[in-house]
There are 2 protein chains.
Amino acid sequence: MESACALPIKNIQIDDRFWNRYTALVTDVVLPYQWNILNDRVPGAVPSYCLANFRIAAGDAEGERKGTCFQDSDAAKWLEAAAYSLALRPNPELEKNADEVIDLIGRSQCEDGYLNTYFTLAERGGRWSNLTEGHELYCAGHLIEAAVAYYESTGKDRLLAIACRYADLIARVFGPGEDQLHGYSGHPEIELSLVKLYRVTRRRPYLELARYFVERRGQSPNWFLEEMARPGYRPLFRELQSYDPRYSQSHLPVRQQKSAEGHAVRAVYLYCAMADLAEEYDDTDMLETCKTLWRNIVEKRMFITGGVGSSGFWERFTVDYDLPNDSNYAETCASIGLALFGLRMSRITGDASYIDTVERALYNTVRAGISLEGDRYFYVNPLEVWPDICMDHSSRAHVKPVRQQWFDVACCPTNVARTLSSLGQYIYSISDNALYVNLFIQNTASFAIGEKSAAVSLTTDYPKTGIITIRVSGQGASFALMVRKPEFAENYSITINGERAECEIDTGYCRISRIWNDDEALVSFDIPPRIVYANPLVRANCGKAAMVRGPEVYCLEEADNGQNLASVYLDETAAPEAVWRDDLFGGTMLIRFRGKKLSAPGMVPSFSPENAQTFQDITLTAVPYGSWCNRGGGEMIVWMHRLLAGNQA
Amino acid sequence: MESACALPIKNIQIDDRFWNRYTALVTDVVLPYQWNILNDRVPGAVPSYCLANFRIAAGDAEGERKGTCFQDSDAAKWLEAAAYSLALRPNPELEKNADEVIDLIGRSQCEDGYLNTYFTLAERGGRWSNLTEGHELYCAGHLIEAAVAYYESTGKDRLLAIACRYADLIARVFGPGEDQLHGYSGHPEIELSLVKLYRVTRRRPYLELARYFVERRGQSPNWFLEEMARPGYRPLFRELQSYDPRYSQSHLPVRQQKSAEGHAVRAVYLYCAMADLAEEYDDTDMLETCKTLWRNIVEKRMFITGGVGSSGFWERFTVDYDLPNDSNYAETCASIGLALFGLRMSRITGDASYIDTVERALYNTVRAGISLEGDRYFYVNPLEVWPDICMDHSSRAHVKPVRQQWFDVACCPTNVARTLSSLGQYIYSISDNALYVNLFIQNTASFAIGEKSAAVSLTTDYPKTGIITIRVSGQGASFALMVRKPEFAENYSITINGERAECEIDTGYCRISRIWNDDEALVSFDIPPRIVYANPLVRANCGKAAMVRGPEVYCLEEADNGQNLASVYLDETAAPEAVWRDDLFGGTMLIRFRGKKLSAPGMVPSFSPENAQTFQDITLTAVPYGSWCNRGGGEMIVWMHRLLAGNQA
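All residue numbers refer to positions counted from 1 along the written sequence of the respective chain. Chain letters start at A and ligand numbers start at 1, both assigned in the order the entries are written. Note on the predicted model: pLDDT of at least 70 is required for a residue's local features to be given, and 80 or more for side-chain atom pairs to be given and counted; whole-chain, interface and lining totals, by contrast, use all residues. As a rule here, side-chain values come from all non-hydrogen atoms in the structure, and water together with hydrogens is ignored.

### A look at the pairing of strand 14 (residues 509-526) of chain B
All names here are of chain B.
Reasoning step 1: Of the pairings in the sheet, the one linking strand 10 (residues 466-484) to strand 14 comprises 16 bridges and is antiparallel in character. Bridge pairing in strand 14 links Val 472 to Asp 519.
Reasoning step 2: Pairing between two strands is assigned when DSSP locates at least 2 bridges connecting them. Helix numbering and strand numbering both begin at the N terminus, where a helix is a DSSP run of H or I of at least 4 residues and a strand a DSSP run of E of at least 2. Summarising the sheet, strand 11 (residues 490-496) and strand 14 pair through five bridges and their orientation is antiparallel. From the neighbouring strand, Ser 493 faces strand 14, where its bridge partner is Ser 524.
Reasoning step 3: In terms of strand pairing, strand 13 (residues 504-506) meets strand 14 through three bridges, oriented antiparallel. Each bridged residue has a counterpart across the sheet, and for Glu 504 the counterpart in strand 14 is Arg 511.
Reasoning step 4: Hairpin connection from strand 13 to strand 14: two residues lie between these consecutive antiparallel strands, with Thr 507 at a positive phi of about 40°.

Rendered as structure tokens:
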């Protein structure tokens, strides 16, 4: 396959009105805050125990190892986020903390390379005995990802050496040999990390091991069912007592899987590795499987916000078109994984439609996952919230009406941090003869193409407008500038140095092939508010509509529209109006539109034959879903009723 | 208080087109089937272990006591149902089996009167140490109810003596004395049973103990929180690990409770006892509390089907107007308890509006709880089912799309059996000078009024029609015949011996006072199909409507209307039509009406800006909710979308 690849993150300097807030937050707020969390220094937050566990493992401290079995991965995700941050901007204090953590992790590593505080301290002798739930290989995967990122950002190879020693051990333990274990991780992650490790070290066994893990998954007899049936197996999570292999995507060999099943984060992490392997092994069959799974997600199992995971219990995919608004899961991490999967697919196929979904996930669910102040997080991302019913000890206890400080399972905050600090990776892809512009985030970047060193400067206030200026310093390089045409763009046009360019649209990219010196491409498109409809097979949204504008899905909040948002009807006879507000959320586009609100004053019983319901006119104000719940708690709704008379279509 | 009371069940012979099927089922199918279940003789069904446990306790067998801690109560509920059945019709085999069970139970009783196989065999020495979860007093309550019923039906007092011995022990253990326990049952039931035991034995301590239990509940410090904090406390149910006293209605002293909270079955059983105590002690304050709680349920926390319990987790009440259709609980037992509470309230207050709700619960949720064949049961009663999403290991796992054979927690099937076999209790109430006709179920009954022996014969094919003939043989007794006027009755009229009677409507009853000899009252009212609306505060039903006719709520099933019932819109411009069908469900009234169905052929993604949705005309056929799911699985929906244009009200 002729795939495009990433520009190194450190080659890209983001300076963007929309995203600066978040990228700055990572360095200024999130990493220091999470540093305190990892050190158990935030009063009132759920304790992490993460670094305390490593200190015990390293012999620096005594005590009992605490927290979930996968607590180690929080340090790794923090390190990965720190690495990306350091790639963009020197930060001696952050680097010092990171180096200390790396040193601590190194001193926690066993003689043979093994590295996991849970199985070293809490479940001694339990190594590799609980792949179903133990998250051992999952933690190893995040460690490897952090090591690759830290090496690429800082050039320091201490963590990379630690990771390689551990990966070498894993490659000895697992594999097809008679004396090797034929298992794989209950929670995929190791697979994609091993591909990364291969790409930076070029050591082939890492890639082979990734392939082994992926291809073994779902082979019969099922590894997890056999493991759980073994005498002495000790369950770690009560909700897995009756196991369904779909939970870990091990119900079928991966090449036979046609629909996205089970735990949503596990699924998309697995699919990332499958895409990587399709690319590395030029495996068109695997690529077709990836495309099938992608289509199943995007067409039938994804929320409009780019969220995935319809059931709170098991945090899982369920069935096609089951997309409940108020009881869904749509874990922040799952949207991160979806974006990573889509990014890979876009690079392999050169198809910009993948980026439409990547952008949807990043601008909506991932952004909603963190507060504008950077210190509160959503794990679950509902599309409709009535705070009163999000009660503890109820079927909706998993839905929180406001962001939380921290979680006992704290995957999402660190995952958001590493995503925001590596946002640059999503902007460009590069191949031998083309530079792909995927996302419209203001930045400057340098790259090499052919044998030339080139630079690009992208200026925009997208998504406020669809005007993007791309200045290329090409040193005479001949290549195609491939500018994405988003599916929602209207009146899309490009000028080169002021002259209208012929736009040849190729799988969602506008191709401009020329010899580039100091040239300027001006991309322009309209982003009007749009009303979108759900497929009627989505039972939850039958007869409803949502407001979107560009990549952003909009929602109604109680702060602007009062209570009982479920009683609001969208009036489609008047065009919605986009209104810029400088003073809200650091500058945001609102959408105002006409609606009606159903009320029944004096109707006490829950049901009645009296048709006392009346409509009141109301002007509705919608805000971007990614910014919701930054003005205290309250109701929120994405999908609104439509006014449908029988004779309307 | 001048309360009415019940006619003895054995004075009432039901012979009703609508209900015969069910009452016959109890004797012919349900009791024998459940007998086999209690004896673990049904292949494929979840084992009960119930009688096996008693056999071990009695020393007849060896082995390990199995099943939930409250398994004993299934035998009691079966005995209670058997008792009612024997009251109506001799059945030597049934009586022999019942007597054997009673003998077995008697031989399981400890020297001091204690009687519970769980705490005798499984948790030895644990007596009264886990009132929070152990269901000890709950099981005692069901035993007492069975004893009273068996005594009243058969005159045999063996079980009554067993129950009294046990109740005497409980009255020694619990009470205000310094050497007594000041606790009460986590699951109310003992309270109402003690009132029954008092009423049949006239032994005052039973009534006093009931009052003690009710008044202690919710007093500070909370008994359950203290109990759970005690060293050595062993939790039985994992979902109670973080306890909220609302679960057991112990969050406040009962007189301070203003809303129905917590586990719905527990709540309504408690309220039954509160109503009983209000009556026995002439306690108007307690009666007001009962009225407040009743109004809160009926006006804000009850489904249109008479179901209660909005959350699957904790099977609980949540908040006002939280009535989700597809993820609710609405346990069959909770509707049974609601009917029992309403029946009590109607007798205390003489207000027929309580019966409207009793009838709603019986004709809809209770009836839906059992299959027309009598051998399959619903525990959870949803108002909307999409079978595909009722998956194991998901947030909707508690909703079953088809009735089940049996359950590991098997309260509902036995509860339905005792309810159907005691249906007679709901038909009449009697006071010193009035006979109340509550439900229109064909029957003959004898009663004493003043000093006369009288008889009544009620003939009807209700709810097919609203024509009821009541023949009274009054022997010259002077009393008021109080005939309920249902809230839905239209053109209500009564003739006496062919002459139009003056209908004085008194709190929902039409009072006909006269000296009764052989007289005939002909009651007549229309029961047209009606469209009802939800209060817009019920978020789940905003802009929706339901079809009802008389006491019956209707629903659409896939068998009649195809798939994707969520996309169906009710067209209110044409009147719905009631159509009798002899050949369905043993004779049933269907409702046919015009509707539209939203479709979007070719619309693949879950959301799209293309407004490709079109309405197709469809004739919809609704069946009674109480009869749903008797033609295999499939979709079902109660609340349908309305066609609402902005200018409609």
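Additional details are given in the paragraphs that follow.
### Things to note about the side chain of Asn 415 of chain A
All names here are of chain A.
Reasoning step 1: Of note, Asn 415 is situated in helix 15 (residues 411-421).
Reasoning step 2: Relative accessibility under 20% of the residue-type maximum defines a buried residue, over 50% an exposed one, and the middle range a partly exposed one, all with a 1.4 Å probe and only protein chains included. Given the relative accessible area of 0%, Asn 415 is considered buried.
Reasoning step 3: We call two residues in contact whenever any of their non-hydrogen atoms come within 4.5 Å of each other. With residues up to four places along the chain from it excluded, the contact list for Asn 415 reads Lys 77, Tyr 269, Cys 333 and Ile 336.

### Brief notes about the packing of aromatic side chains
All names here are of chain A.
Reasoning step 1: What counts as a ring pair is set by centres within 6.5 Å for rings of Phe, Tyr and Trp (its six-membered ring), and what kind of pair is set by the plane angle: stacked under 30 degrees, edge-to-face over 60, tilted for all other angles. Enumeration over the complete set of coordinates arrives at 64 aromatic pairs over all chains.
Reasoning step 2: Ring geometry for Tyr 243 and Tyr 247: centres 6.0 Å apart, planes at 80°, overall edge-to-face. Both residues of the pair, Tyr 243 and Tyr 247, belong to the buried class.
Reasoning step 3: Ring geometry for Tyr 271 and Phe 341: centres 5.5 Å apart, planes at 50°, overall tilted. Taken together, the positions of Tyr 271 in helix 11 (residues 264-280) and Phe 341 in helix 13 (residues 332-349) put the pair 70 residues apart, joining distant regions of the chain.
Reasoning step 4: Aromatic ring contacts, followed pair by pair, group Phe 18, Trp 19, Tyr 22, Tyr 363, Phe 440, Tyr 462, Tyr 492 and Phe 525 into a single cluster.

### Digging into the relation of the copies chain A and chain B
Reasoning step 1: When the copies are overlaid, the least-squares fit takes in C-alpha atoms only where the residue has pLDDT of at least 70 in both copies. Placing chain A over chain B gives an RMSD of 0.1 Å and needs a rotation angle of 180°, together with 0.1 Å of translation along the axis. Such a combination of turn and shift is consistent with a two-fold rotation axis.
Reasoning step 2: When the interface residues of chain A are mapped onto chain B, 100% of them again fall at the interface, so both copies present the same face.

### Notes on helix 9 (residues 204-216) of chain A
All names here are of chain A.
Reasoning step 1: Expected helix span is taken as 1.5 Å per residue step, with the number of steps being one fewer than the number of residues. Spanning 13 residues, helix 9 covers 18 Å between terminal C-alpha atoms, matching the ideal 18 Å at 1.5 Å per step.
Reasoning step 2: Where helix 9 is concerned, the buried positions are Tyr 206, Leu 207, Leu 209, Ala 210, Tyr 212, Phe 213 and Val 214.
Reasoning step 3: Where helix 9 is buried, its residues touch helix 6 (136-154), helix 7 (158-173), helix 8 (190-201), helix 11 and helix 12 (284-301).

### Topic: the domain arrangement of chain A
Interface size, as often reported, equals the accessible area lost upon joining of the parts.
Reasoning step 1: Split by domain assignment, chain A resolves into domain 1 (48-233), domain 2 (251-426), domain 3 (428-526) and domain 4 (530-642).
Reasoning step 2: Start and end points for every domain follow an automatic or database-based domain assignment. Computed from C-alpha coordinates alone, the two centres of domain 1 of chain A and domain 3 of chain A are separated by 39 Å.

### What about the packing of helix 6 of chain A against helix 8 of chain A?
All names here are of chain A.
Reasoning step 1: Axis geometry follows a simple rule: fit a line to the C-alpha atoms, using only the stretch in contact for helices, then measure angles between N-to-C directions, giving values from 0 to 180 degrees. Taken N-terminus to C-terminus, the directions of helix 6 and helix 8 make an angle of 30°; their axes are 8 Å apart at the nearest point. For the element pair helix 6 / helix 8, the angle class is roughly parallel. The interaxial crossing formed by helix 6 with helix 8 has left-handed handedness. Each of Leu 137, Ala 140, Gly 141, Ile 144, Glu 145, Val 148, Tyr 151 and Glu 152 in helix 6 lies in contact with helix 8, whose residues at this interface are Ile 190, Leu 192, Ser 193, Leu 194, Lys 196, Leu 197 and Val 200.
Reasoning step 2: Among the residues making up the contact of helix 6 with helix 8, the classes are represented as ten nonpolar, two polar and three charged. In what follows, roughly perpendicular refers to angles from 65 to 115 degrees, roughly parallel to angles under 35, roughly antiparallel to angles over 145, and oblique to any angle outside these ranges. The handedness criterion is simple: a crossing whose near helix is rotated anticlockwise from the far helix by less than a right angle is left-handed, and one whose near helix is rotated clockwise is right-handed. In this classification, Asp, Glu, Lys and Arg are treated as charged, Ala, Val, Leu, Ile, Met, Phe, Trp, Tyr, Cys and Pro as nonpolar, and every other residue, Gly included, as polar.

### A look at the confidence of the model for chain A
One rule of thumb: low pLDDT means the predicted coordinates there are not for detailed reading.
Reasoning step 1: Confidence per residue, as judged by the predictor, is encoded in pLDDT with a range of 0 to 100. Across chain A, the average pLDDT comes to 94, with 98% of residues at or above 70.
Reasoning step 2: What the predictor reports for the complex is a pTM of 0.94 with an ipTM of 0.92.

### Overview of the interface of chain A and chain B
Reasoning step 1: Between chain A and chain B, the residue contacts involve 77 residues of the former and 77 residues of the latter.
Reasoning step 2: In short, buried area is how much 1.4 Å probe accessible area vanishes from two parts on joining, totalled over both. Together, the buried faces of chain A and chain B total about 6300 Å²; carbon and sulfur atoms form 57% of this surface.
Reasoning step 3: Note on definitions: salt bridges are taken to be side-chain nitrogens of Lys or Arg within 4 Å of carboxyl oxygens of Asp or Glu. Joining chain A to chain B, the criterion identifies four salt bridges.
Reasoning step 4: Arg 539 of chain B serves as the salt-bridge partner of Glu 635 of chain A, at 2.4 Å between the closest nitrogen and oxygen.
Reasoning step 5: Listing elements by their share of the side of chain A that touches chain B, those giving two or more residues are helix 12, strand 14 (529-534), strand 19 (588-599), strand 20 (607-608) and strand 23 (640-642) of chain A.
Reasoning step 6: If one sorts the elements of the side of chain A that touches chain B by residue count, strand 14 of chain A sits on top with five residues.
Reasoning step 7: Here the side of chain A that touches chain B is built from residues that sort into 36 nonpolar, 22 polar and 19 charged.

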